[in-house]
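# Structural characterization, general
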Amino acid sequence: MDQSENNGTYKHLIEKINLEGTLHFSLMDPDPVRQRPSKAAKMAKLCEKAGTDAFLIGGSTVFDQTFVDKTIEAIKQEVEIPVIIFPGGVGNVSSKADAIFFMSLLNSSNPHFIIGQQALASYTIKLAQLEYISMAYLIIEPGAAAGWIGDAKLFPRARPKLTAAYALAAEMFGFKMVYLEAGSGGESIPPETIKLCSSLLSIPLIAGGGVQTKEDARKFVKAGADIIVMGSYIEKTVLKDNGASLKEIIDEIKDAGKNHSKDFKLK
Ligand code: 1GP
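This write-up is about the structure you can find in this document.

Reading guide: rules and limits
- Numbers given for residues are sequential positions, taken from 1 along each chain in its written order.
- Two thresholds apply to this predicted model, a pLDDT of at least 70 for residue-level local features and 80 or more for giving and counting side-chain atom pairs, whereas whole-chain, interface and lining totals are computed over all residues.
- Derived side-chain values reflect all non-hydrogen atoms in the structure, with water molecules and hydrogen atoms excluded from consideration.
- Only buried residues count toward a nonpolar core. Its members are Ala, Val, Leu, Ile, Met, Phe, Trp, Tyr and Cys residues joined through side-chain atoms within 4.5 Å.
- Under the scheme applied here, a residue whose accessible area is under 20% of the maximum for its type counts as buried, over 50% as exposed, and between as partly exposed, the area being computed with a 1.4 Å probe on protein chains only.
- Any two residues having at least one pair of non-hydrogen atoms within 4.5 Å are treated as being in contact.
- Stacked, edge-to-face and tilted are the three classes for Phe, Tyr and Trp ring pairs, Trp counted by its six-membered ring, which pair at centre distances within 6.5 Å; planes under 30 degrees apart are stacked, over 60 edge-to-face, the rest tilted.
- Elements are defined by DSSP. Helices are runs of H or I of four residues or more, strands are runs of E of two residues or more, and each kind is numbered from the N terminus.
- In this description, a line fitted to the C-alpha atoms serves as the axis of each element, helices being fitted only across the stretch in contact, and the angle between N-to-C directions of two axes falls anywhere from 0 to 180 degrees.
- Angle categories: roughly parallel below 35 degrees, roughly antiparallel above 145, roughly perpendicular from 65 to 115, and oblique for all the rest.
- Here a crossing is called left-handed whenever its near helix is offset anticlockwise from the far helix by less than a right angle, and right-handed whenever the offset is clockwise.

## A word on the nonpolar core
Generally speaking, a soluble globular protein has its nonpolar side chains buried in company with each other. Counting 57 residues, the largest nonpolar core has Met28, Phe55, Ile75, Val178, Leu180 and Ile194 as the members making the most contacts within it. Here Val178 is in contact with Ala136, Leu138, Ala167, Ala170, Leu201, Ile203, Pro204, Leu205 and Ile206, once residues within four sequence places are set aside. Among the nonpolar cores identified, the runner-up in size contains 28 residues, and Leu23, Ala54, Ile206 and Phe264 belong to it.

## Side note on the packing of aromatic side chains
Following the criterion strictly, the structure yields five aromatic pairs and no others. Between Tyr137 and Tyr179, the ring centres sit 5.2 Å apart and the planes meet at 85°, which makes this aromatic pair edge-to-face. With Tyr137 in strand β5 (residues 131-139) and Tyr179 in strand β6 (residues 177-181), the pair connects residues that are 42 residues apart, well separated along the chain. Under the relative-accessibility criterion, Tyr137 is labelled buried at 7%. Its relative accessible area of 1% is what places Tyr179 among the buried residues. For the pair Phe155 and Tyr166, a centre-to-centre distance of 4.9 Å together with 75° between the ring planes defines the contact as edge-to-face. Of this pair, Phe155 sits in the loop between α5 (144-149) and α6 (160-173) while Tyr166 sits in helix α6; the two residues are eleven residues apart in sequence, bridging distant segments of the chain.

## Digging into the packing of helix α8 (residues 214-223) against helix α10 (residues 244-257)
Taken N-terminus to C-terminus, the directions of α8 and α10 make an angle of 25°; their axes are 9 Å apart at the nearest point. Of the possible angle classes, the one that applies to α8 and α10 is roughly parallel. When you trace α8 past α10, the crossing you get is right-handed. Across the interface between the two elements, Lys214, Ala217, Arg218, Val221 and Lys222 of α8 pack against Glu248, Ile249, Glu252, Ile253, Asp255, Ala256 and Gly257 of α10.

Below, the structure written as structure tokens:
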């Protein structure tokens, strides 16, 4: 079976960035401690209404495959936009999603997170005929749970060139996207790092971790982020204000990003 033609979600995202500028992704953690599938679906509906462009489903501490399946099924019943798995490990692969970020934590000091888990997941992805989008995952200080669990040799915040060298190497290896991660709920990526990476890459740059305000979002767009991911802010606010404050941040992203002209080619 040739899966190379199966690139609908990737193609959709590239076309959308080229047409509209910076996109916003909402991260949902399918974690029984945080929210059950019905609650995740309710939150997803509000995020879609607020203007988000896609959902990422995953987290560093997700261990229950059935729960991932059920959360994705519930969300897909409520929304039209793509639902993409953002796996914390091999146990997060689900055929229910539109695609999976086939990601490698390139600055891990443990090969298990660079190629080990991916090799184990590859058969399941092939058999499920799931669309995979290769993505290099780079974790910068402070790194939070993702950095700790992934044995990351965290990139120093004050040394953007180190992160950028890995981002560039990732593109040379053929990855389709690069994700700069500061870790959930902490200090966000320094804009200088986003700026340097964006100036060097010709593939989309995703940035996430610690985005909580319109100002954070605008800085990320101006620095050159093509996709901005938000997780904890959504968890904290979306059910309380029906997505109103999230909409303000997404509107800011769309406004700041509308002249952000890009011409990404499909890989
Ligand atoms: C974490 O980048 C994401 O993987 C989102 O981080 O929860 O801080 O928005 P936040």
